[in-house]
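Now for the letters of each chain:
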Amino acid sequence: MTAYTLPDGRQITGALTVQFGRQLKGGTWAEHPRAKYECLECRATEGPVVGAAAVTAFVQTIRATHRATCPGHPTHQGAQAA
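In this text, all values refer to a predicted model and were calculated from it rather than measured experimentally. (Residues numbered from 1 in each chain as written. Predicted model: local features only at pLDDT ≥ 70, side-chain atom pairs only at ≥ 80, totals over all residues. Heavy atoms only, no water.)

Caption draft 1: Representation of the environment of Ala30. Within the secondary structure, Ala30 sits in strand β5 (residues 29-31). Excluding anything up to four places from it in sequence, Ala30 contacts Arg22 and Leu24. (Helix = DSSP H or I, 4+ residues; strand = E, 2+ residues; numbered from the N terminus. Contact = heavy atoms within 4.5 Å.)

Dropping the structure here:
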C-alpha cells in the first residue's frame with residue numbers, strides 16, 4: 001500500500017493513533033495514555049508506547065524519526081548502503 005492521495009493533491013503517508021487515557025481524581029491513572037504510528041508507505045508499525053511522558057515524546061518525534069529510516073519514503077527508494 002502506498003500513500004493515500006487526497007482530492008487536493010496532498011498525501012496521507014501515515015496514521016498516528018493516540019488514546020489519551022483516563023486519570024482519577026487522586027492523580028493515578030485508571031487507563032494509561034498510549035500511542036502508535038502506522039506507515040502507509042512501508043507498512044511498518046511503531047509503538048505502542050504507554051505512559052504520559054512516553055506518549056508526549058513519541059508524538060513529538062515519530063514523524064521525523066520514522067521518515068529518516070522508512071524504506072518506502074521517496075528519499076530512500078533505490079538507496080543502497082555503500
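Caption draft 2: How the structure looks around the pairing of strand β6 (residues 34-39). The side-chain alternation of β6 yields one buried face, formed by Ala35, Tyr37 and Cys39, and one unburied face, formed by Arg34, Lys36 and Glu38. Pairing of strand β3 (residues 14-19) with β6 involves 6 bridges; the strand directions are antiparallel. What sits directly across from Leu16, in β6, is Tyr37. Pairing of β6 with strand β7 (residues 45-50) involves 4 bridges; the strand directions are antiparallel. Residue pairing for β7: Glu38 is matched across the bridge by Thr45. Counted along the chain from β6 to the antiparallel partner β7, the turn is 5 residues long, and its residue Arg43 has a positive phi close to 70 degrees. (Buried < 20%, exposed > 50% of the residue type's maximum accessible area, 1.4 Å probe, protein only. Pairing = 2+ DSSP bridges.)

Caption draft 3: View of the pattern of salt bridges. One pass over the structure, following the stated rule, counts 3 salt bridges. Residues Asp8 and Arg10 are paired through a salt bridge, measuring 2.8 Å at the closest nitrogen-oxygen approach. Among the salt bridges present, the one from Arg22 reaches Glu31, with a minimum N-O distance of 3.7 Å. The class for Glu31 is partly exposed, based on a relative accessible area of 46%. (Salt bridge = Lys/Arg side-chain N within 4 Å of Asp/Glu carboxyl O.)

Caption draft 4: A look at the sheet that holds β7. In spatial order, the strands read β3-β6-β7; together these 3 strands make up an open sheet with antiparallel pairing. Two strands close off the open sheet at either side, each with one partner strand: β3 and β7. Each neighbouring strand pair of the sheet contributes to a mean axis angle of 5 degrees, computed without reference to strand direction. (Axes fitted to C-alpha atoms, helices over the stretch in contact; angles between N-to-C directions.)

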